[in-house]
Amino acid sequence: MAVGAVVVALVLTGCGGETANDDVLEGEHVTVLMFDNRFEYTEVRVPVGGTVNWLGAGANAHNAVESDEEWSTESVWGDLEQFDGDSAVVNYDKGGEYVFFCTFHGNADGAGMAGKLIVEA
Ligand SMILES: [Cu+2]
């Protein structure tokens, strides 16, 4: 019983040790890979005037669409399907907090292949 408790404690510590910052990308002009089937980062921060290069990096088609459709990779790329190497650079000129998702592997509620974009004023 005591051994079991120690193992559980180690597992919990291991999980807590993974900082959330590993999933955060911050910069003015950044690139986010769209893997099968997740975004390289689940939180992206750019300043107003910044850009995100949403870059296909999987065997499947992916995209990044804002949950209220305020912006999307489709508006730049011209298609919801981006494959390996397909690049859509989106400009962000308005501050705000956005949920983005892949229409094939996530949803507007932020589940599945999804993340949060913060455009800092
Ligand atoms: Cu996808």
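Residues numbered from 1 in each chain as written. Predicted model: local features only at pLDDT ≥ 70, side-chain atom pairs only at ≥ 80, totals over all residues.

**A look at the overall build of the chain**
Formally: Only DSSP runs of H or I with at least four residues qualify as helices, and only runs of E with at least two residues qualify as strands; both kinds are numbered from the N terminus onward. The burial criterion counts other C-beta atoms lying within 10 Å of a residue's C-beta, which is placed from the backbone; the residue is buried at 20 or more, exposed at 12 or fewer, and partly exposed between these limits.
A tally of helices and strands in the chain yields two helices and eight strands. If you list the helices and strands of the chain from N to C, you get α-β-β-β-β-β-α-β-β-β. Within the chain, the proportion of its 121 residues that are buried is 26%.

**Regarding the sheet that holds strand β7 (residues 96–106)**
Note the following rule: When DSSP finds two or more bridges between a pair of strands, those strands are recorded as paired.
Strands sit in the order β1-β3-β8-β7-β5 across an open sheet of five strands; the sheet is mixed. In the strand order of this sheet, the two ends are held by β1 (24–26) and β5 (65–66), each with one partner.

**Topic: unusual backbone geometry**
Each neighbour pair has its own omega, and for Asp36 with Asn37 the value is -15 degrees, a cis peptide bond. Inspection of the secondary structure puts Asn37 in the loop between β2 (29–34) and β3 (43–47). You will see that Glu69, though not glycine, has its phi angle at about 60 degrees, which is positive. If you trace the backbone, Glu69 turns up in the loop between β5 and α2 (74–77).

**Description of the nonpolar core**
In summary, soluble globular proteins display a tendency toward joint burial of nonpolar side chains. Applicable threshold: In this usage, the nonpolar core is the set of buried Ala, Val, Leu, Ile, Met, Phe, Trp, Tyr and Cys residues whose C-beta atoms join them within 7 Å. A pair of residues counts as a contact when their C-beta atoms, built from backbone coordinates, are separated by no more than 7 Å.
With 22 residues, the main nonpolar core has Val32, Val44 and Trp54 as its most contacted residues. If you list the elements that add at least two residues to this core, you get β2, β3, β4 (50–56), β6 (87–92), β7 and β8 (112–120). With four residues, β8 is the single largest residue contributor to this core. Not counting residues up to four positions away in its chain, the partners in contact with Val32 are Leu25, Phe39, Glu40, Tyr41, Val44, Val52, Trp54 and Leu55.

**Some remarks on the environment of Arg45**
Residue placement: Arg45 occurs in strand β3. Considered as a pair, Arg45 and Ile118 are 73 residues apart in the sequence and their alpha carbons are 4.8 Å apart. Leaving out residues up to four positions away in the same chain, Arg45 has contacts with Val24, Glu26, Ile118 and Glu120.

**Section: the sheet that holds β4**
The test is simple: Lines fitted to the C-alpha atoms define the axes, with helices restricted to the stretch that makes contact. Angles between their N-to-C directions range from 0 to 180 degrees.
The strand order across the open sheet built from three strands is β2-β4-β6, with neighbouring strands paired in mixed fashion. Because the sheet does not close on itself, it has two edges, and the strands there are β2 and β6. Within the sheet, the average angular offset between the axes of one strand and its neighbour, ignoring direction, is 20 degrees. Sheet topology places β2 next to β4; six bridges connect them, and they run parallel. Within β4, the residue paired with Val30 across the bridge is Val52.

**A short note on the pairing of β4**
With burial as the criterion, only one face of β4 is covered, namely that bearing Gly50, Val52, Trp54 and Gly56; the residues Thr51, Asn53 and Leu55 on the opposite face remain uncovered. Bridge count for β4 against β6 is six bridges, and the pairing is antiparallel. Across the sheet, residue Val52 finds its bridge partner in β6, namely Val90.

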